[in-house]
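# Coordinate analysis (summary)
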Amino acid sequence: MSAQIRDYNPSTDADAVSEFYNRNHYGPARDAGVLTGRQLNLVLAERGVHIFLIAEDRGRVVGTIGYLRVSGRRVTRDDELFAGMFVIDPGYRAGFLAGRLFTTSFGRLLEDGIATLRVEVNPANVKALPLYVRVGFRSAEEHPQPDQDGYIELVSHMPGAVSRLLRELAADVPLTDVFSTFSWRTMAGGRNRSIGHGITVHDGEVLVEYDFTVRGDAIRVRVRMEDGAPVDTTINGVVIPFSSVPEPVEGPAEGPVQGPPLGMRAAATARHARREVSVGDYSVEVDADGTVSVRHPSYAGAVYRDALASVEGRPSAWRRPASQAPLITEHRGGWLLAWQVDEVRLQKEISIADRTVTTVVRGLPGRTLAAEPWSSIRGATVRTFVDESPQYRAPNVPGLWPRDLVDFEAAIDAEPRAGRRRILIDEPVSGLGLGFEWHDAEFVRVEGQPLGRATSSSSLLRYSLTLGVASPHEGDGVYRHPDGVDRVAAVTSRPAVFARDVAGAAWAAETRGRFEAIVARSSNSSNASKTLSELVVVADRGVVCWTAFGHDVLTSPFPTSRTLGPIDDWAAGLWVSTQSAREDLERGVGWGGSPRVGYSATPPDRGPSWSIDVLDDAVAAIRLTLRSGASPTDPEVVGHLTPKVWGSTVFIPAHPTGWWALDRSERRWSCFARAARIPLAEDRVLVVTAGGGDDELLIRSSADTFLVSLISRAQSAHAESVDAAGGSWQLSVETSEAAR
């Protein structure tokens, strides 16, 4: 089988490529949806496609690869692109097609001045990850932790390294000579490479090296991993420091060097610190990239973010925004921002009056404006209105409501909004509340977060944000809930046993296979073979077994390990890790891959640890104590558990009373909450409750994964002493009529 590779034609190829993605369960097809040809073209336009290649065999699409500005709501810098939409038909994965797709596009990337490629990949994807590693993608971290969406980011500075290599050698060296040995089997050094291959540390800087063979010469190029800056070139063992070779010219390899956008020179010479205006207890800030953030002292992270707007067909995203460096001036108590996109001059006026932040974006007629402000409040309840008509009330559960396709946002149709669209967002524990309204927008697409992405062809977009406190929900006329979300009254439940005040079961040391363990067993068990309730902890793995009244509380692969979502070493039903801050835009809440935090009944002198107290003699209630090492890079300590979930519904608290019932039968979704009720059997439910106001849990659900992450801050914002670092969680098995 020999496939032909060519450029994608949006007029003639859209339906065939979308059918190829649906056939391979890629994109929306992962969530029981389909992708149409029209939606595919919208996706490519919205993600800022630079190159998109398809491979055909006898008229049938068998592979694709794209190079795009946006991935997972991140946007690259000007000389970078994301490699993505890399899909190979199963019948062609063992051949040369993947390498041919990369090789075909590489020369064009060099000609266009692309220096760095990035890719977001599931590290447990045994099909895609080795392909990316083989063609030069690397990570500076030995064990990079998947972000909240389940991806790690790999980087390749090979395009920039090759561009400099060509300039250093001679202008007449054919590009084909540099890649004369590149193929599926030899590209980037061949098989059996790791994501850290060629990574070294020199004088505190992380470097990456690339090897080439050109006309029989062995050449090695070293660059800084952080930004791709050149370090040295070695030719046949002779090291040539970069300082002795000509400085590379910025911009494309051929053609005129493009000047900076409007305002870039001024901003580059006078990069300002964050500008801030206080609005009651809130602070409204604008940074050098033009991103507006709203913060509150009682909340970890921003509650609202708004990156620079763009024009339709050019990328706009809210994580790692493009470096437009707008010209920012003080204006009417707020700011006036000016920048340009595709030679279209854009202006953003931000005015603040009382508690309302009003934003007006202006462009040129004939170019549709696009903006996507972002609500960052976790665990919020959302109410939506169109004009004055109530629409929905529901918790913010991205994936369930609103729908969330991450890399395929444009596959969700936008709706015309002739009237006003108003969104009220409340977080009852912190007491925070936001009111958002679209005033001038032709279309609004609501996905991922409830504010939506708005477009307007009238050269004007206007929207406002009101900062306030949580407001009552009852009697506001909003009673309808979106599909997959329901509201139930207060759940009648009782403890599975009534011995909560008696001493918990004693721990005993035991051997489980080749592992040393400690075991707590219910007092009414006559012997281990007839145990109805027990808890088993292996120090370097976690809780590998918890059974209460004959029901498994957790699911665990012990004594082996398996893949769970993006982690390939799932080894227990409850384990603990440390991670970056939950509000970190790049990572969010991790999945708890290696390394794991070890169990310790008493706090160690230093470093994180965790312990468990059994609260009743039936081993049906436990307290999980998380202790942090207070690392500045990993300030959170997180317990991860995989409950033996039963049925198609789980529950999180509603405000002020009752519970939200969330359907887990089809779509992938995630949500933050302060507590959860997870059915284990027809009349048993696992109740998880946070011990502190800063503690939050995150539930991630899909067809094959159900993970609950219990997040405690290393140092609580409300702690009275440093001894309060970490947090505690109570987990109990209860009897409930509403378990199902």
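Anything mentioned here points back to the structure above.
Only a predicted model underlies this, so the values are computations on that prediction, with no experimental measurement involved.

Most of strand β50 (residues 684-690) sits inside the fold, with 5 of its 7 residues counted as buried. Pairing analysis gives 6 bridges linking strand β49 (residues 675-681) to β50, with the strands arranged antiparallel. Looking at the pairing, Ala-681 lines up with Arg-684 of β50. Bridge count between β50 and strand β53 (residues 727-736): 7 bridges; the pairing is antiparallel.

Here we take up the pattern of salt bridges. Enumeration over the complete set of coordinates arrives at 56 salt bridges. Where Asp-13 meets Arg-6, a salt bridge forms, and the shortest distance between an N and an O atom there is 2.8 Å. For Arg-6, a relative accessible area of 30% gives the class partly exposed. Here Arg-453 and Glu-46 are joined by a salt bridge, their closest N and O atoms 3.3 Å apart. Placement of Arg-453 in strand β31 (residues 449-456) and of Glu-46 in helix α2 (residues 37-46) is noted, with a sequence separation of 407 residues between them. The same class applies to Arg-453 as to Glu-46, namely buried. The network of salt bridges with common partners includes Arg-74, Glu-80, Arg-118, Glu-120, Asp-147, Asp-149, Glu-153, Arg-319, Arg-320 and Glu-586.

In this model helix α3 (residues 97-111) runs 23 Å from its N-terminal to its C-terminal C-alpha over 15 residues, within 8% of the 21 Å that 1.5 Å per residue would give. Among the residues making up α3, those that are buried are Leu-97, Ala-98, Gly-99, Leu-101, Phe-102, Ser-105, Phe-106, Gly-107, Leu-109 and Leu-110. Gly-113 lies just past α3 and shows a positive phi near 75 degrees.

Bringing the packing of aromatic side chains into the picture now. Scanning all chains against the criterion turns up 18 aromatic pairs. Ring centres of Phe-86 and Phe-102 lie 5.1 Å apart, and the angle between their planes is 80 degrees; this geometry places the pair in the edge-to-face category. Of the two residues, Phe-86 is situated in strand β6 (residues 80-88) and Phe-102 in helix α3; the sequence distance between them amounts to 16 residues. As far as the burial class goes, Phe-86 and Phe-102 line up, both buried. Ring centres of Tyr-132 and Phe-137 lie 5.5 Å apart, and the angle between their planes is 85 degrees; this geometry places the pair in the edge-to-face category. For Phe-137, a relative accessible area of 1% translates into the label buried. Of note, Arg-487 hangs over the ring of Trp-660, and the distance from its end group to the ring centre comes to 5.3 Å. Directly above the ring of Trp-591 sits Arg-700, whose terminal nitrogen or CZ lies 4.4 Å from the centroid.

Along helix α1 (residues 14-23), the positions that sit buried rather than exposed are Ala-14, Val-17, Ser-18, Phe-20 and Tyr-21. Down the axis of α1, the buried set is contained in an arc of 155 degrees. They therefore lie on one face. Where α1 is buried, its residues contact α2, β2 (49-57), β3 (60-68) and β6. One or two positions beyond α1, positive phi appears at His-25, with a value near 55 degrees.

Let's shift gears to the nonpolar core. Judged by nonpolar contacts, the single largest core of 94 residues is most densely connected at Trp-546, Trp-610, Leu-662 and Leu-731. Ignoring sequence-local partners within four residues, the contact set of Leu-731 consists of Trp-546, Leu-574, Ala-620, Ala-621, Ile-622, Leu-624, Leu-641, Leu-686, Val-687, Val-688 and Leu-710. In terms of nonpolar packing, the next biggest core, distinct from the first, is built from 31 residues, Leu-53, Leu-109, Val-133 and Ile-152 among them.

Another aspect to go through is the pairing of strand β20 (residues 334-341). By the criterion of burial, β20 is predominantly enclosed, with 6 of the 8 residues buried. Where strand β19 (residues 327-331) and β20 come together, 5 bridges link them in antiparallel fashion. Within β20, the position partnered with His-331 by the bridge is Gly-334. What sits between β19 and β20 in their antiparallel hairpin is a turn of 2 residues, with Arg-332 showing a positive phi close to 50 degrees.

What follows covers the packing of α1 against α2. Geometry of a packed helix pair, given as the angle between the helix axes and the separation of the axes. The N-to-C vectors of α1 and α2 enclose an angle of 90 degrees; their axes lie 8 Å apart at closest approach. As the angle between them shows, α1 and α2 are arranged roughly perpendicular. Listed contacts from α2 to Ala-14, Asp-15, Val-17, Ser-18 and Tyr-21 of α1 are Gly-37, Leu-40 and Asn-41. Partitioning the contact of α1 with α2 into residue classes produces 4 nonpolar, 3 polar and 1 charged.

Now for the sheet that holds β6. Strands sit in the order β1-β2-β3-β6-β7-β8 across an open sheet of 6 strands; the sheet is mixed. The sheet is open, and its two edges are formed by β1 (4-7) and β8 (152-156), each paired on a single side. Averaged over all pairs of adjacent strands, the angle between their axes in this sheet comes to 25 degrees, without regard to strand direction. Across the sheet, α2 is in contact with β2, β3 and β6; its angle to β6 comes to roughly 155 degrees. Here α3 sits on the sheet in contact with β1, β2, β3, β6 and β7 (116-121), set at roughly 145 degrees to β2.

Quick look at unusual backbone geometry now. In this structure, Pro-559 follows Phe-558 across a cis peptide bond, with omega equal to 10 degrees. Position of Pro-559 among the secondary structure elements: in the loop between β39 (551-552) and β40 (562-564). The peptide bond linking His-655 to Pro-656 adopts the cis configuration, its omega dihedral lying at 5 degrees. Within the fold, Pro-656 resides in the loop between β46 (649-653) and β47 (659-663). For Arg-58, which is not glycine, the phi dihedral falls at a positive 55 degrees. One can find Arg-58 in the loop between β2 and β3. According to the relative accessible area criterion, Arg-58 is exposed, its value standing at 71%.

Calculation notes
Residues numbered from 1 in each chain as written. Predicted model: local features only at pLDDT ≥ 70, side-chain atom pairs only at ≥ 80, totals over all residues. Heavy atoms only, no water. Buried < 20%, exposed > 50% of the residue type's maximum accessible area, 1.4 Å probe, protein only. Helix = DSSP H or I, 4+ residues; strand = E, 2+ residues; numbered from the N terminus. Pairing = 2+ DSSP bridges. Salt bridge = Lys/Arg side-chain N within 4 Å of Asp/Glu carboxyl O. Expected span 1.5 Å × (residues − 1). Phe/Tyr/Trp six-rings, centres within 6.5 Å; stacked < 30°, edge-to-face > 60°. Lys NZ or Arg CZ within 6 Å of the ring centre and 35° of its normal. Arc of directions from axis to C-beta. Contact = heavy atoms within 4.5 Å. Core = buried A, V, L, I, M, F, W, Y, C linked by side-chain atoms within 4.5 Å. Axes fitted to C-alpha atoms, helices over the stretch in contact; angles between N-to-C directions. Parallel < 35°, antiparallel > 145°, perpendicular 65-115°, else oblique. Nonpolar A, V, L, I, M, F, W, Y, C, P; charged D, E, K, R; others polar.

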